[in-house]
Amino acid sequence: MSPLDEAHSASYVGWRIRRGVNPPMAMLAELTHRCPLACPYCSNPTELLGRETELSTEQWVEIFQQAAEIGVLQVHLSGGEPAARRDLVTLVKAARDAGLYTNLITSGIGLTDRRLEELDDAGLDHVQLSLQGVTAAIADRIGGYKGGFDRKMHVADRIRAIGFPLTLNAVMHRENLPDLDATIDMAVRLGARRTEIACVQFQGWALTNRSALQPTRDQVNEAKRIVKAAQERLKGKLVVDFVPPDYYSDYPKACMNGWGSTGLNVTPDGSVMPCHAAATIPNLTFEKAPDRSLGDIWYNSPAFNAYRGTDWMPDQCKSCERRDIDHGGCRCQAMAILNDPDAVDPVCRKSCGRAMLDLLLEAEAEKKERPLYVFRKLKIGSDR
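Scope of this entry: the structure provided in the associated data block.

Parameters at a glance
- Residues numbered from 1 in each chain as written.
- Predicted model: local features only at pLDDT ≥ 70, side-chain atom pairs only at ≥ 80, totals over all residues.
- Heavy atoms only, no water.
- Helix = DSSP H or I, 4+ residues; strand = E, 2+ residues; numbered from the N terminus.
- Buried < 20%, exposed > 50% of the residue type's maximum accessible area, 1.4 Å probe, protein only.
- Core = buried A, V, L, I, M, F, W, Y, C linked by side-chain atoms within 4.5 Å.
- Contact = heavy atoms within 4.5 Å.
- Arc of directions from axis to C-beta.
- Salt bridge = Lys/Arg side-chain N within 4 Å of Asp/Glu carboxyl O.
- Disulfide = S-S within 2.5 Å.
- Axes fitted to C-alpha atoms, helices over the stretch in contact; angles between N-to-C directions.
- Parallel < 35°, antiparallel > 145°, perpendicular 65-115°, else oblique.
- Left-handed = near helix turned anticlockwise from the far one by under 90°.
- 1 Å grid on protein atoms, 1.4 Å probe; cavity = no way out; pocket = protein on both sides within 12 Å on 5 of 7 lines; lining within 4 Å.
- Points joined across faces, edges and corners; volume = space filled by probe spheres on them.

**Concerning the environment of Ala230**
Summarising the element assignment, Ala230 is placed in helix H10 (residues 217–233). Note on Ala230: relative accessible area 1%, which makes it buried. Sequence spacing of Ala230 and Asp185 is 45 residues, and the spatial spacing of their C-alpha atoms is 9.3 Å.

**Some thoughts on the nonpolar core**
Counting residues in each nonpolar core, the largest one holds 66 residues, and the members touching the most others are Met27, Trp60, Phe64 and Leu294. No other element matches the six residues that helix H6 (residues 148–162) contributes to this core. Not counting the four nearest positions on each side in its chain, Met27 is found in contact with Ile63, Phe64, Ala67, Val72, Gln74, Val75, His76, Leu264, Val266 and Leu294. In this structure, Val200, Ala212, Ile337 and Val347 belong to the second largest nonpolar core, which totals 20 residues.

**A look at helix H4 (residues 113–122)**
Of the residues making up H4, those classed as buried are Arg115, Leu116, Leu119 and Ala122. The buried side chains of H4 occupy one side of the element, clustering within an arc of 115° when seen end-on. Among the exposed residues of H4, those oriented more than 90 degrees off its buried face are Arg114 and Asp121. Of the residues flanking the end of H4, it is Gly123, one or two places downstream, whose phi is positive at about 100°.

**A short note on the pattern of salt bridges**
A complete count under the given rule lists 23 salt bridges for this structure. The partner of Asp157 in a salt bridge is Arg160, with the nearest N and O atoms 3.4 Å apart. One end of the pair, Asp157, and the other, Arg160, are both in helix H6, three residues apart, so they sit about a helical turn from each other. Three or more residues are tied together by salt bridges with common partners; here these are Arg34, Glu54, Arg85 and Asp87.

**Notes on the state of the cysteines**
Under the criterion given, the structure shown has zero disulfides. You can see Cys35 has no disulfide; the closest cysteine sulfur is in Cys39, sitting 6.5 Å from it. The thiol of Cys199 is unpaired, and the distance to the nearest cysteine sulfur, on Cys330, comes to 16 Å.

**Focus: the packing of helix H2 (residues 57–69) against helix H3 (residues 88–97)**
H3 packs onto H2 with a crossing angle of 20° between their chain directions and a minimal axis gap of 9 Å. By the angle between their axes, H2 is roughly parallel relative to H3. Note on packing geometry: the crossing formed by H2 with H3 is right-handed. Residues Thr57, Trp60, Val61 and Phe64 of H2 form the contact with H3, whose participating residues are Thr90, Leu91, Ala94 and Ala95.

**Section: empty space enclosed by the protein**
Taken as a whole and judged by the stated rule, the model has five cavities of 30 Å³ or more. In this model, the largest cavity occupies a volume close to 120 Å³. Along the walls of the largest cavity sit 14 residues, with Cys317, Cys320, Asp326, Val344 and Cys348 positioned nearest its centre. For the lining of the largest cavity, the secondary structure elements donating two or more residues are helix H13 (315–318) and helix H14 (323–326).

Just distances and angles here, no functional claims.
Okay, structure coming up:
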């Protein structure tokens, strides 16, 4: 270790002691915003970053090395579509060489048989395959990519043949929740070890399409019943995780297990954030890696410390018995609904903002016709 590295390491340890901040365990690496799909619930920002802004191979390699040095254990390689980068195999190998567990989050588009073999040789640990629908008609319409479903099914077969552990990711919303049983059955049929049934979270493009995507309360209750039955029926065969919609909950989820507590997100241009939607909070400025080290950003950045711990919380949250359960809820959600990131999460039944959220749900439920989707606009293919 060089003298500079030793100084950095000592600085991180000292900061941890002073602030009680643990190192991050996971990093989401958004390699690109380019994607052949146009999903209306995409969590990417509506202002997408072009290829010209993306970090180079060498910069990502340095970031992976820095991540491992500060304690990150696993990296989730995402996008956009990470397969849109020609250097994906190189990046996977670099992350593995740094000692990181590698998880590829992909639509499958751009993963040829040869490329999957190369990823296996590079040491890729796990694949999360997204599912837009259980039939080609639904999936290709939602994804805006004809032939995408058939391609995905082929990729899933190759993933199983190679032996990659597979998680099937299914974003559920008003249109496809009636297919929940079939979605879980598909996960079993494809040989997945785990499926994540995630009701749409309203950030990014999903927020733009909230009125069209918002499920009904009856749909949510039925989904909970189906998931519970599947968890019991498939125990030991398939892990079924369920992410319920925030808006119908009585209390907020522990977003990121607390701001700046367990993970960080690096965008295609190197901006480092506590979560993928943090850029929606206008009073925060996010520094870029590798210009500034990940460790320095994690421990010292004003953006990461803005909502860390409990000092920032409104008195209502500080004195609440749930303070250390939900950690104040989601700052981005407070921003999206109340236009105030410092407010009590409006999902909370104790929040003054809950009345506004209930009115919003009521108004959307009364709409007899669903608005048309606004599809993700920058559909850019692979640069391979």
